[in-house]
Amino acid sequence: MTLVPLALRSLRNRWYSVLLTVVTIAISIALLVLVDRVRNEVHESFYRTVSGVDLIVGARTSPVQLLLYSVFGIGDATNNLSWETYQELESARQVDWAVPFALGDSHRGYRVMGTTGEFFDRFRYSAGQPLVFADGRAFDDLFEVVVGHRVARNLGYETGDGIILAHGTGSTRLQQQHEDHPFTITGILEPTGTPVDQSLYISLQAHKAIHIGWETGTPRIGAQVEPDEAREMDLEPDSVTAIYVGLTSRAAAFQLQRAVNEYREEALTAILPGVALQELWRITGVAEQALLIVSAIVVAAGLLGMLTVLLSTMNERRREMAILRALGARPGQIAGLLVIEAAVLTLAGIVAGLVLALVLQAAAAPVLLDRFGLIVGTSLPELYQFGILGLILAAGMIIALVPAGMAYRRTVADGMQVRS
Amino acid sequence: MNLLSIDGLAYAWPGQSPVVGIDHFSMAPGERVFLHGPSGSGKSTLLGLIGGLLVPDSGSLRFLETGLNRLSRPQRDRFRADHMGVIFQQFNLLPYLSVLDNVLLPCRFSRARAQKAGDGVLAAKRLLMAMDLDGDLWTRRADALSVGQQQRVAAARALIGQPELVIADEPTSALDTDRRANFLALLFEQMAATGSALLFVSHDRSLADAFDRSVSLDAINHPAGPEAAA
């Protein structure tokens, strides 16, 4: 092929504007790839979090809301479900295990979960990985607490430290503290890349104990119990926020879900986490689409920038085209030169953009893990992404038809003459 | 047999009055013709017609027994690539290519000339050498050369692959008198070697003596018809 080396030499001759064009396209491609990648990683990370739970049962609410407050600590439960319901559910034939938990307290912005020791044995994330203690052990005494990896790291906690929990999950400043009941940290969990890293775990009994005398939402003077007093009390919970359920067979999930939803004693909602996530993605899909559309527009802007560069060279290249015509180049070949140049520019931009995206991903991975608990790998683009990139390459070449058509008409009209 | 014969050729740019009206003009193979014409006399249009870039409104244009005006545009483009070399007044070269690559360009667009040139690089080097361009210039970018050197590179390019006709449109007007003579001498020498004919257009009559024949464009071109000239 005669034209490709010619086009390459011509581009090299204008390397400065070529470089700028390629960088512009590369940035837009990197943005598009990263937006898509982060979206996928968010989805994946959410799936990782719920991968070990077959069913989540809470008081009657919308499935997405239940999912958000029971797993991701987003929003609050409006209602609890009774301990009797938990007991009945736990004894159901299809239920392998059921871990109840109570929410509502926090510690310096991190969520406190009152649960049973079974939680540490049952909870699974990311394709069946169990929770592991980086240091210490699960809670045993009433006023012992286990903290997630990021809680410990960000607040500088070690096992043996004493902490005070706060009532409610709102703004930390206005919160009332459970200062009568200091907790001792007995265990710190390994990082998981899930909301577990940002949570503290106490027993359900402790959760009940620190709320004695708080029935109205604020501490009634003198109604609280001393820690030692509490240890002697019968602290069986009255209610819990929600229950993680593992089934003996996944096939039973739909059946049990229906049974729970139709439970007569209490208004309940049971969700299959995966299905509820799908529903969540349908809601967030609009925002994701908007982000992708914005990225696509940025790519279009990058390609238009290339068009500007190609068009701006048209006049200075008129002589070049006349020379090529005199040498016997057909108008179609001269138009082809411009399309080849556009293809080379776009392709270089795409490749550079992919490299840039990979570099940014690698650079941002620790920050994303730390700030958002997102594990962002530096894997290669998936097949469908290559499809999109192919479409962008095609779009670049189609855009080049504008200057190519112009060159075609001009070379036909100009012949060997150079008009200016 | 004529290399080129023009009969009753007429051309007008769309929407304008005729600029070319030539009753008869011909060139023999290897002939060196000086075509004198002031600017605006329609010589660029005539060269465009001979080069096959323009199609005459009427008349015939035969080149090597091929009716140029009967060919399709792609055929004319190929015909030009195969049989003609062109030298412009100035800026003949693609600035981003090396001198050697510029000379080799016709071989890229015409298989016939590539074949006639044989080893293209060798042929190009031989021509450059003959045009007094030393080896250290060959790999330089074309725009690194002086105007006189560039014109000699253009001549080498026009001659590679031994085209039957070289069309030169005021190739010496950018050169001073000494280099003009030198350029012509080198050009003629190589024309003789390749056997190409030369149609040399200029407004500078002082060059005419060196040619086989000198023709005034005004004398043969009567765009408004023969009787208007009389």
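Whatever comes next refers back to the structure up there.
Residues numbered from 1 in each chain as written. Chains lettered and ligands numbered in written order. Predicted model: local features only at pLDDT ≥ 70, side-chain atom pairs only at ≥ 80, totals over all residues. Heavy atoms only, no water.

Draft legend 1. Up close: the overall build of chain A. Within chain A one finds 14 helices and 15 strands. Relative to the 2.2 N^0.38 estimate, which gives 22 Å for 420 residues, the radius of gyration of chain A is 31 Å and therefore markedly larger than a compact globule would have. Projected onto its principal axes, the C-alpha coordinates of chain A cover approximately 105 × 45 × 35 Å. Here chain A holds 420 residues, and 52% of them are scored as buried. Taking the intrachain contacts of chain A between residues at least 6 apart in sequence as the baseline, contacts between residues at least 24 apart amount to 78%. Taking the 32 positively charged and 41 negatively charged side chains of chain A as two groups, their mean positions are separated by 23 Å. (Helix = DSSP H or I, 4+ residues; strand = E, 2+ residues; numbered from the N terminus. Rg over C-alpha atoms; globule rule 2.2 N^0.38 Å. Buried < 20%, exposed > 50% of the residue type's maximum accessible area, 1.4 Å probe, protein only. Contact = heavy atoms within 4.5 Å. Lys, Arg positive; Asp, Glu negative; His and termini not counted. Charge placed at Lys NZ, Arg CZ, Asp CG, Glu CD.)

Draft legend 2. Region of the structure containing the packing of helix α2 (residues 15–50) of chain A against helix α13 (residues 383–399) of chain A. All names here are of chain A. Here α2 crosses α13 at 155 degrees, and the two axes come no closer than 12 Å. In terms of orientation, α2 lies roughly antiparallel with respect to α13. Crossing handedness for the pair α2 and α13: right-handed. Across the interface between the two elements, I29, L32, V33, D36, R37, R39 and N40 of α2 pack against Y384, Q385, I388, L389 and I392 of α13. Across the contact of α2 with α13, the residue classes break down as 7 nonpolar, 2 polar and 3 charged. (Axes fitted to C-alpha atoms, helices over the stretch in contact; angles between N-to-C directions. Parallel < 35°, antiparallel > 145°, perpendicular 65-115°, else oblique. Left-handed = near helix turned anticlockwise from the far one by under 90°. Nonpolar A, V, L, I, M, F, W, Y, C, P; charged D, E, K, R; others polar.)

Draft legend 3. Summary view of the pairing of strand β8 (residues 197–202) of chain B. All names here are of chain B. Burial within β8 is extensive, with 6 of its 6 residues counted as buried. Burial along β8 is two-sided: A197, L199 and V201 facing one way and L198, F200 and S202 facing the other are all buried. Pairing analysis gives 5 bridges linking strand β3 (residues 32–36) to β8, with the strands arranged parallel. Bridge pairing in β8 places V33 opposite L199. Of the pairings in the sheet, the one linking strand β7 (residues 165–169) to β8 comprises 5 bridges and is parallel in character. The partner of L165 across the bridge, within β8, is A197. One crossover worth recording links β7 to the parallel β8 by way of helix α8 (residues 177–194), and it is right-handed. (Pairing = 2+ DSSP bridges. Right-handed = clockwise from strand over helix to strand, strands pointing away.)

Draft legend 4. Representation of helix α7 (residues 147–159) of chain B within the structure. Residue and element names in this part refer to chain B. Spanning 13 residues, α7 covers 19 Å between terminal C-alpha atoms, matching the ideal 18 Å at 1.5 Å per step. Along α7, 11 of the 13 residues are buried, which leaves the element largely enclosed by surrounding structure. Among the residues making up α7, those that are buried are G148, Q150, Q151, R152, V153, A154, A155, A156, R157, A158 and L159. Phi turns positive, to about 75 degrees, at G161, one or two residues after α7. (Expected span 1.5 Å × (residues − 1).)

Draft legend 5. Main features of the sheet that holds strand β1 (residues 4–11) of chain B. All names here are of chain B. If you trace the 4 strands from one edge of the open sheet to the other, you get β2-β1-β4-β5, paired in antiparallel fashion. Every other strand in the sheet has two partners, leaving β2 (20–27) and β5 (66–67) as the edge strands with one partner each. As paired elements, β1 and β2 share 7 bridges and run antiparallel to each other. Its bridge partner being in β2, Y11 is matched across the sheet by V20. Sheet contacts for helix α1 (residues 43–50): β1, β2 and β4 (58–63); angle to β1, the most-contacted strand, approximately 120 degrees.

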